[in-house]
Amino acid sequence: MKKEKTSHENPEMKTVGPAQNAEAAQARRSFLGRLGLGATLAAMAGQAFAFVRSLIPNVRYEAAQRYKVGLPSQFGEGSKYLDDKRVFVFRERNTFYAISASCTHLGCTVKMLRLNQPRKVKVGSREFEEHHEFHCPCHGSKYYGDGTNYSGPAPKPLEYLKLELAPEDGQLIVDATTPVEKEFRLTV
Ligand code: FES
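Procedures and definitions
- Residues numbered from 1 in each chain as written.
- Predicted model: local features only at pLDDT ≥ 70, side-chain atom pairs only at ≥ 80, totals over all residues.
- Heavy atoms only, no water.
- Pairing = 2+ DSSP bridges.
- Helix = DSSP H or I, 4+ residues; strand = E, 2+ residues; numbered from the N terminus.
- Phe/Tyr/Trp six-rings, centres within 6.5 Å; stacked < 30°, edge-to-face > 60°.
- Buried < 20%, exposed > 50% of the residue type's maximum accessible area, 1.4 Å probe, protein only.
- Lys NZ or Arg CZ within 6 Å of the ring centre and 35° of its normal.
- Disulfide = S-S within 2.5 Å.
- Salt bridge = Lys/Arg side-chain N within 4 Å of Asp/Glu carboxyl O.
- Polar contact = N/O pair within 3.5 Å; in protein donor to acceptor, adjacent residues only side chain to side chain.
- Contact = heavy atoms within 4.5 Å.

Caption draft 1: Spotlight on the pairing of strand E5 (residues 111-123). Sheet topology places E5 next to strand E6 (residues 126-135); nine bridges connect them, and they run antiparallel. Along E6, the bridge assignment pairs arginine 119 with glutamate 130. Linkage of E5 to E6, two consecutive antiparallel strands, is achieved through a turn of two residues, within which glycine 124 is found at a positive phi near 65 degrees.

Set out below in structure tokens:
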């Protein structure tokens, strides 16, 4: 019967001493350390990406241009939101004006919030009573009823858009290529 060689007898087999054991343990620790560092860096990169992504609205909108929105008689007193155009059209007796629903921060669509009670607001030297406000669901910007931004990251007021009457059929035209002052009113 053939006898197995022990490490003393077999030159191919090496005896592993305490020094090699320590080296192997050190190598394992260093590998695990690198693995941990890599995971931490990956997590940090993921968080940074999520933060940057949160600043970008989910939906990007092409700038609206110039379009008909219907006859003045189709608008009742107060406001009407045109979902497909992202614009609020307001009627006060025989005058009309339009405010863009595009948030001036990153372009999300602001929502109109009707107030339970009218509230007095002072913007500069002008004081007025508001019945609604505009709030942006993306990053929390808030605008008074006249479109003036007062809270959140929005850098400027909502845009007022020019209104005209189409000579051929009398429909209201919103001209989004021409922002106007907030005092602008179209009288029909
Ligand atoms: S898009 Fe950021 S607050 Fe409106």
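Caption draft 2: Quick look at the packing of aromatic side chains. Taken as a whole, this structure holds seven aromatic pairs when the rule is applied. Ring centres of phenylalanine 75 and phenylalanine 96 lie 6.2 Å apart, and the angle between their planes is 90 degrees; this geometry places the pair in the edge-to-face category. Placement of phenylalanine 75 in the loop between strand E1 (66-70) and strand E2 (78-82) and of phenylalanine 96 in strand E4 (residues 95-100) is noted, with a sequence separation of 21 residues between them. Residue classification places phenylalanine 75 among the buried residues on the basis of a relative accessible area of 2%. Under the relative-accessibility criterion, phenylalanine 96 is labelled buried at 0%. Taken together, Tyr81, Phe88, Phe90, Tyr97, Phe134 and Tyr160 form an aromatic cluster joined through their ring pairs. Over the face of the ring belonging to tyrosine 97 we find arginine 185, whose NZ or CZ atom lies 3.9 Å from the ring centre.

Caption draft 3: Summary view of the state of the cysteines. What the rule picks out here adds up to one disulfide. There is a disulfide in this structure between cysteine 108 and cysteine 138, and the S-S distance comes to 2.0 Å. Handedness here is read from the sign of the S-S torsion; for cysteine 108 and cysteine 138, about -85 degrees, the answer is left-handed. With cysteine 108 in the loop between E4 and E5 and cysteine 138 in the loop between E6 and strand E7 (142-143), this residue pair connects regions lying 30 residues apart in the sequence.

Caption draft 4: Spatial organisation of the sheet that holds strand E8 (residues 149-151). Taken in spatial order, the four strands make up an open sheet running E5-E6-E7-E8, and their pairing is antiparallel. Strands with a single pairing partner mark the edges of an open sheet, and in this sheet they are E5 and E8. Note that E6 and E7 share two bridges and pair antiparallel. By the bridge assignment for E7, phenylalanine 134 is matched with tyrosine 143.

Caption draft 5: Region of the structure containing unusual backbone geometry. We note that arginine 86 has phi near 55 degrees; this positive angle belongs to a residue other than glycine. With respect to the helices and strands, the residue arginine 86 is situated in the loop between E2 and strand E3 (87-92). Even without being glycine, arginine 93 reaches a positive phi, approximately 50 degrees. The exposed category is assigned to arginine 93, whose relative accessible area is 66%.

Caption draft 6: How the structure looks around the pattern of salt bridges. As enumerated under the stated definition, the model contains nine salt bridges in all. Here glutamate 168 ties to lysine 68 by a salt bridge, and the two come within 2.8 Å at their closest N and O atoms. With a gap of 100 residues between them, glutamate 168 in the loop between strand E9 (160-165) and strand E10 (172-180) and lysine 68 in strand E1 connect regions that are remote in the sequence. The shortest N-O distance in the salt bridge between arginine 119 and glutamate 130 comes to 3.3 Å. In this pair, arginine 119 is assigned in strand E5 and glutamate 130 in strand E6, connecting sequence segments 11 residues apart. One continuous salt-bridge network, built from bridges that share partners, spans Arg66, Glu164 and Asp175.

Caption draft 7: Quick peek at the side chain of threonine 148. Assignment of secondary structure puts threonine 148 in the loop between E7 and E8. At 2.9 Å, the side chain of threonine 148 and the side chain of aspartate 146 are in polar contact. The contact partners of threonine 148, leaving out residues within four places of it in the chain, are Val123, Lys142, Tyr143, Pro157 and Lys182.

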